[in-house]
Amino acid sequence: MTLNLNPHSSPPLPSWQRVCSLADILPGLGVCALVDGRQIAVFHVAGQVYAVSNRDPFTGADVISRGLTGSYRDREAKERPKVASPLLKHAFDLETGQSLDHADMTLPTYPARVQEGEVWIGLVD
Amino acid sequence: MPQPQNQPTSLPTPTRPPQIVVIGNGMVGHRLVEQLQTQAGAVAPQQTPQITVICEESRLAYDRVHLSSHFDDPAPDLALATAEGYEQGGVRVVYGQAEAVDTAQKTIQVNDQTLSYDALVFATGSFPFVPPIAGRDAPGCFVYRTLDDLEQIRDAARNARSGVVIGGGLLGLEAAGALQKLGLTTHVVEFAPQLMPAQLDAEGGQTLRRTIEDMGIGVHVGKSTSEVTLDDSGRVSGLAFADGSALEADLVVFSAGIRPRDDLARASGLALGERGGIVIDDTCQTSAPGVYAVGECALHGGRIYGLVAPGYSMAKVAAASILHGLGLGNAPATFTGADLSTKLKLLGVEVGSFGDAKGVTEGCRTVSLSDNVRGTYSKLVLSADGLRMLGGLLVGDTARYNDLLDLALFGTPLTVPPETLIVPPLPGGAVLPAITNALICSCENVRADAVCNAIGEGARDIKALKSCTGAGTGCGGCVPSLHGLLQGELRRLGETVSNHLCEHFAYSRQELFNLIRVRGHRAWDGVLAAHGSGLGCEVCKPAVGSVLASLHNEYVLKPQHAPLQDTNDAFLANIQKNGTYSVMPRVPGGEITADSLIAIGEVARNFGMYCKITGGQRIDLLGAQRDDLPAIWAELIAAGFESGHAYGKSLRTIKSCVGSTWCRYGVQDSTGLAIRLELRYRGLRSPHKLKSGVSGCTRECAEARSKDFGIIATEAGWNLYVGGNGGVTPRHALLLAEGLDEQTLTRTIDRYLMFYVRTADRLQRTSAWLEGLEGGLDYLRAVIMDDSLGLCADLDAAMDQHVGSYEDEWAAALADPATPARFRTFVNADTRDTGLQWVEERGQLRPAFAHEMTQGLTPLPMAGGDD
């Protein structure tokens, strides 16, 4: 089981929804899940799953799930996962949703986990 | 005639000037004279030494290294020294053979004169070794050492058909070249099992042998000659070997090594080595005070140097020692042995050998590349830990000799995989790591520190470096090193210059291309593990994907390639600002039938797409949701269309005019050519998009000169222009070649495109690439039309492979069972994207602008293909 709780998400406990099998996401790629009317981009990167909003805040288009994933080194030279929007290539930290181009831009993030080969997304509100 | 009034200024000095006598006027003897003159330049005129040269041959010093060129037509002037030159320099020449040196009285006999000396130099050189076999003195047997020897060989060759050289070393091969130039059927016989056993290893010898045999020279290795056979008249008829075999030949040239000419020194009581050679110390002085020896007659540290470079070093040292000994110079220099590294051209074959070339260091490792196609062999000998270069061999291509030699001599730890150092060089490509004061330009003798100083003083590009250091102005072979040094130095100075692909790959695109090609990588995981770090990013993934596609032309949405593709390649369509895609079927050359036009129209109507004619003579269908793309393409393919690759960094369109088919001015069928070329290059993945145009006459209606490659018809054939583009910085394409037939035109474009694909930076259009190419258009022409790098066969094969392996990506996508899932909008729902808003304008739908959305327009669902 892989579990990565988003540190920015806060109680109350999320309600979890299964969105797909892990096998539905090729390693390194993302898919878009429709959860309670919301478009959520779900990525499978280096053995982990990450869930962020599918909407690119720079362009307003729902395209993040089609972005290329990868990694960058943060200030402590730690390798962290990222995704780049396919439209204007703005990049975001996959864990925190923080824009790597503008300090005041973020992608909403969601808790995601894998249980028995199924991907679950947590919604808190 | 002396003028009386000159007398006062030339009063006799109380002492005569010091006398220096040099025995021998070969290359090293002459160099010694030059060194004496140069180094004595600072001496007061009355103390300037009187130099006397004793010259045995009838001519003064000449270039013995290039002896065989004496048979070229016209024969070059090999002279290094002239009588006039010596006279002007105050050098006295005595022709004759030196006899009887009296080291106590400091005199020497030549002809019937007795010369006194204050310093005496033996520069007597060597004589060819002739093995003691029967028949060696018969008419038809020669040695190969002097111009007189060559004249005799030439006379004998007039009545001969074949010749054999005994000795497959350096000089033997030179001699063989000379015989071949005389029109003789030529053979080389070598006792060792390979050619050039002193310099090369077995594989290197084999490579050399193949090339030499291809020239029509018979090579016989592992042969011990037992006698020179003679005919009834006592003339040479051939050779007999110890193994019982024989070889017919009308003349025999012995070139089986050299022996020092030390007979006069021996008679003079100088100390000699056990096997000959005049013993010298580090100042080049012999056992007798004031007597020196240089060159091939000298034995230093138990060693005789048979190469000219160490001889020149000795000459420099000896000159300093002599002047010092005469009280005319500063501290003497010393000769402490010489590196036997050598680079030369034998029979037109470049051969280089440096450092521990044969890998005799204990525990050493090797990396080698043997290329039977180009006829090259490169070997690097590495330290046991593989981190330092100890030496190496180069056969067939010595372009990187100086760089590699320096790496070996300095022993600097390697910072790149060693195999990248012997991959054939490409312009602007893999650059050797900067090492402490490396020799950068061997033509102008410019070292790294001079280049770095120039950079520190403000030189910021190759052009500036060339003008202030002279580096790169000779053969130009060092320009890539210069480029690398510039980049490295600018980085060191804190200026951000890097050609690294991104933080995950410390290589330029071209370097990575070569690594992927040489290592045979076929997928991202292997490339990242071997050459990269981290997880990659939006820069390196598509770049690697593009390189893999250029090399192997596999379907880009295979599971191992799909995660590398930018969204356009991932969905085989062009993403638009609202996340929908445009679709552009190929319309080769812009020629389209009425039925095809109708079919496109019907597809557009079925899926509610916005239509626009593009600048590249295509029809663009916009506003497709990704889950409609497979259905749209199923209809297009059924109507006979294929992917137009408008989404890829690949060939986009070849635009054409109607040409001679319709136009009253057209001189050739531009449309037909455009179609053939477009079908040839379709799907070729490249560093950036590629566009082309073909015009049927000089009126240029297809705007070919604004394209990456443009073709304009003339009555004499096709003119090919390269490196143009529109866009932000419009460039007119430049004329590469004119009057080509279609076959030549196509091959030239093949090579141009493949060379660009292999060597350009990521997202570098052909215009910028061409501008960055040192030597520009001339260089490009040399590479792809004159094959100056020997690359053409390789480039041709690469393009043939591309053409042969092309498949329509959309046909492949529709056949791929993974496609329906991949193109779904949502992984967990069959609904369509509800976030899209559309506005009708001029009879078509377009995406709503933000202000229109805030006005609360009702989202208009796309007309779907799912009804």
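Keep in mind that what you see is a predicted model, and the values were worked out from it rather than measured.

Basis of the calculations
- Residues numbered from 1 in each chain as written.
- Chains lettered and ligands numbered in written order.
- Predicted model: local features only at pLDDT ≥ 70, side-chain atom pairs only at ≥ 80, totals over all residues.
- Heavy atoms only, no water.
- Helix = DSSP H or I, 4+ residues; strand = E, 2+ residues; numbered from the N terminus.
- Rg over C-alpha atoms; globule rule 2.2 N^0.38 Å.
- Buried < 20%, exposed > 50% of the residue type's maximum accessible area, 1.4 Å probe, protein only.
- Areas by Shrake-Rupley, 256 points an atom, 1.4 Å probe, with all protein chains shown as cover.
- Lys, Arg positive; Asp, Glu negative; His and termini not counted.
- Charge placed at Lys NZ, Arg CZ, Asp CG, Glu CD.
- Contact = heavy atoms within 4.5 Å.
- Buried area = accessible area lost by both parts, 1.4 Å probe.
- Salt bridge = Lys/Arg side-chain N within 4 Å of Asp/Glu carboxyl O.
- Nonpolar A, V, L, I, M, F, W, Y, C, P; charged D, E, K, R; others polar.
- Domains from an automatic or database assignment.
- Core = buried A, V, L, I, M, F, W, Y, C linked by side-chain atoms within 4.5 Å.
- Pairing = 2+ DSSP bridges.
- Axes fitted to C-alpha atoms, helices over the stretch in contact; angles between N-to-C directions.
- Expected span 1.5 Å × (residues − 1).
- Polar contact = N/O pair within 3.5 Å; in protein donor to acceptor, adjacent residues only side chain to side chain.
- Parallel < 35°, antiparallel > 145°, perpendicular 65-115°, else oblique.
- Left-handed = near helix turned anticlockwise from the far one by under 90°.
- Disulfide = S-S within 2.5 Å.
- pLDDT = per-residue confidence, 0-100.
- Phe/Tyr/Trp six-rings, centres within 6.5 Å; stacked < 30°, edge-to-face > 60°.

### Concerning the overall build of chain B
A tally of helices and strands in chain B yields 25 helices and 38 strands. Radius of gyration (C-alpha) of chain B: 36 Å, far over the 29 Å computed for a compact globule of 867 residues. Put simply, chain B has 867 residues, and 54% of those count as buried. When the accessible surface of chain B is totalled, it reaches about 37,400 Å², and 51% of it is carbon and sulfur. Side-chain charges in chain B split into 73 positive and 97 negative, and the spacing between the mean points of these groups amounts to 4 Å.

### A look at the overall build of chain A
Tallying secondary structure elements over chain A gives zero helices and eleven strands in all. Across chain A, helices and strands are ordered from the amino to the carboxyl terminus as β-β-β-β-β-β-β-β-β-β-β. A burial count over chain A gives 53% of its 125 residues as buried. Long-range pairs, those at least 24 residues apart, make up 45% of the contacts in chain A with a sequence separation of at least 6. Accessible surface for chain A amounts to roughly 5,700 Å². Of this, 51% is attributable to carbon and sulfur atoms.

### Quick word on the environment of Trp-838 of chain B
Inspection of the secondary structure assignment puts Trp-838 of chain B in strand S37 (residues 838-841). For the pair formed by Trp-838 of chain B and Ala-848 of chain B, sequence separation is ten residues and the distance between their alpha carbons is 4.9 Å.

### Examining the interface of chain A and chain B
Taken together, the 32 residues of chain A in the interface contact 32 residues of chain B. Where chain A abuts chain B, roughly 2,400 Å² becomes buried across the two surfaces, and 58% of that area is made up of carbon and sulfur atoms. The largest contributions to the chain A side of the interface with chain B come from Leu-34, Arg-66 and Leu-68 of chain A, which together make up 28% of the buried area. For the interface between chain A and chain B, the tally reads two salt bridges. The partner of Lys-89 of chain A in a salt bridge is Asp-566 of chain B, and the shortest N-O contact between them spans 3.4 Å. Put simply, the parts of the chain that give the side of chain A that touches chain B at least two residues each are strand S2 (15-21), strand S3 (30-35), strand S4 (38-45), strand S6 (68-73) and strand S7 (79-84) of chain A. The element that contributes the greatest number of residues to the side of chain A that touches chain B is S6 of chain A, accounting for six residues. Looking at the side of chain A that touches chain B residue by residue, the classes come out as 19 nonpolar, six polar and seven charged.

### Observations regarding the domain arrangement of chain B
By the assigned domains, chain B splits into domain 1 (16-127 + 260-325), domain 2 (130-256), domain 3 (340-418), domain 4 (509-565) and domain 5 (649-807). Between the C-alpha centres of domain 1 of chain B and domain 4 of chain B there is a distance of 62 Å.

### What to know about the nonpolar core
All names here are of chain B. Of all hydrophobic cores here, the largest spans 58 residues; its most connected members are Phe-709, Ile-711 and Leu-780. Of the residues forming this core, the biggest block, eight residues, is contributed by helix H19 (residues 742-759). Two domains share this core, each providing at least three of its residues, namely domain 4 (509-565) and domain 5 (649-807). Apart from residues lying up to four places away in sequence, Leu-780 is in contact with Val-722, Leu-736, Tyr-752, Phe-755, Trp-769, Leu-770, Leu-773 and Met-785. Among the nonpolar cores identified, the runner-up in size contains 54 residues, and Ile-23, Ala-119, Ile-322 and Phe-335 belong to it.

### So, the pairing of strand S35 (residues 717-722) of chain B
All names here are of chain B. Taken across its six residues, S35 has six buried, putting it largely inside the fold. Of the pairings in the sheet, the one linking strand S34 (residues 709-714) to S35 comprises six bridges and is antiparallel in character. If you follow Gly-710 over to S35, its bridge partner there is Tyr-721. Two strands pair when backbone bridges link them, and S35 and strand S36 (residues 734-740) are joined in this way by four bridges, in the antiparallel orientation. Bridging from a neighbouring strand, Trp-718 pairs with Leu-740 of S36.

### What about the pattern of salt bridges?
Proximity of charged atoms lets side chains of opposite charge pair with each other. Residues and elements named next belong to chain B. The full count for this structure, using the stated rule, is 47 salt bridges over all chains. Between Asp-148 and Arg-59 there is a salt bridge; the shortest N-O distance is 3.1 Å. One end of the pair, Asp-148, is in helix H3 (residues 147-157); the other, Arg-59, is in the loop between strand S2 (50-55) and helix H2 (83-88), and 89 residues separate them in sequence. Taking relative accessible area as the criterion, Arg-59 reaches 29% and is therefore assigned partly exposed. The partner of Arg-765 in a salt bridge is Asp-708, with the nearest N and O atoms 2.9 Å apart. One end of the pair, Arg-765, is in the loop between H19 and helix H20 (766-772); the other, Asp-708, is in the loop between strand S33 (690-695) and S34, with 57 residues separating them in the sequence.

### Comments concerning the sheet that holds S35 of chain B
Residue and element names in this part refer to chain B. Strand order in this open sheet of five strands is S32-S33-S34-S35-S36, and the pairing throughout is mixed. Each of the sheet's edge strands pairs with one partner strand only, and the pair in question is strand S32 (651-656) and S36. Neighbour-to-neighbour, the strand axes of this sheet turn through a mean angle of 15°, independent of strand direction. The sheet contacts of helix H18 (residues 670-681) involve S32, S33, S34 and S35, and relative to S32 the element is tilted by about 170°. Set on the sheet, helix H21 (residues 776-784) makes contact with S35 and S36; between it and S36 the angle comes to about 40°.

### Brief notes about unusual backbone geometry
All names here are of chain B. Positive phi outside glycine occurs at Asn-111, with the angle close to 50°. With respect to the helices and strands, Asn-111 occurs in the loop between strand S5 (107-110) and strand S6 (113-116). On the basis of relative accessible area, Asn-111 is assigned to the partly exposed category, the value being 39%. Located in the positive-phi region is Asn-553, a residue other than glycine, with phi close to 55°. With respect to the helices and strands, Asn-553 occurs in the loop between helix H14 (540-552) and helix H15 (567-571).

### Examining H19 of chain B
Taking 1.5 Å of rise per residue, 18 residues should cover 26 Å, and H19 of chain B covers 25 Å from first to last C-alpha, within 8% of that figure. Capping the start of H19 of chain B is the job of one residue whose side-chain oxygen sits 3.1 Å from the backbone nitrogen of Gln-743 of chain B: Asp-741 of chain B.

### Structural notes on the sheet that holds strand S8 (residues 91-93) of chain A
The strands making up a sheet associate through hydrogen bonds between their backbones, and the pairing can be parallel or antiparallel. All names here are of chain A. Spatially, S6-S7-S8 is the arrangement adopted by the three strands of the open sheet, whose pairing is antiparallel. Across the chains shown, the open sheet's two edge strands, defined by having one partner strand only, are S6 and S8. Each strand axis lies, on average, 40° off the axis of its neighbour in the sheet, ignoring direction. Bridge count for S7 against S8 is three bridges, and the pairing is antiparallel. Along S8, the bridge assignment pairs Ala-84 with Ala-91.

### Thoughts on the packing of helix H12 (residues 509-519) of chain B against H14 of chain B
All names here are of chain B. Between H12 and H14, whose axes approach to 10 Å, the crossing angle comes to 50°. In terms of their interaxial angle, H12 and H14 are classed as oblique. The interaxial crossing formed by H12 with H14 has right-handed handedness. The segment H12 lies against H14, with Arg-509, Leu-512, Phe-513, Ile-516 and Arg-517 engaging Val-544, Val-547, Leu-548, Ser-550 and Leu-551. Taken together, the residues that form the contact of H12 with H14 break down as seven nonpolar, one polar and two charged.

### Brief notes about the state of the cysteines
Residues and elements named next belong to chain A. All told, the structure shown has zero disulfides over all chains when counted by the stated rule. With no disulfide of its own, Cys-20 lies 11 Å from the sulfur of Cys-32, the closest cysteine sulfur. Looking at Cys-20, the relative accessible area reads 1%, which means it is buried.

### Details of the confidence of the model for chain A
Residues and elements named next belong to chain A. With 89% of its residues at a pLDDT of 70 or more, chain A shows a mean pLDDT of 87. Across chain A, the element-wise mean pLDDT spans from 46 in strand S1 (residues 2-4) up to 96 in strand S5 (residues 48-53). Counted against residues more than four places away or in other chains, residues 1-10, with its pLDDT under 50, gives 18 contacts.

### Notes on the packing of aromatic side chains
Residue and element names in this part refer to chain B. The full count for this structure, using the stated rule, is twelve aromatic pairs over all chains. Ring geometry for Tyr-681 against Phe-709: centres 5.9 Å apart, planes inclined by 85°, an arrangement best described as edge-to-face. Of this pair, Tyr-681 sits in helix H18 while Phe-709 sits in strand S34, placing them 28 residues apart in sequence. With respect to class, Tyr-681 is no different from Phe-709; both count as buried. When the centroid spacing of 5.4 Å and the interplanar angle of 70° are considered together, the rings of Tyr-756 and Trp-769 count as edge-to-face. Here Tyr-756, found in helix H19, pairs with Trp-769, found in helix H20; they are 13 residues apart in sequence, far enough to count as distant. For the pair Tyr-756 and Trp-769, a shared accessibility class is recorded, and that class is buried.

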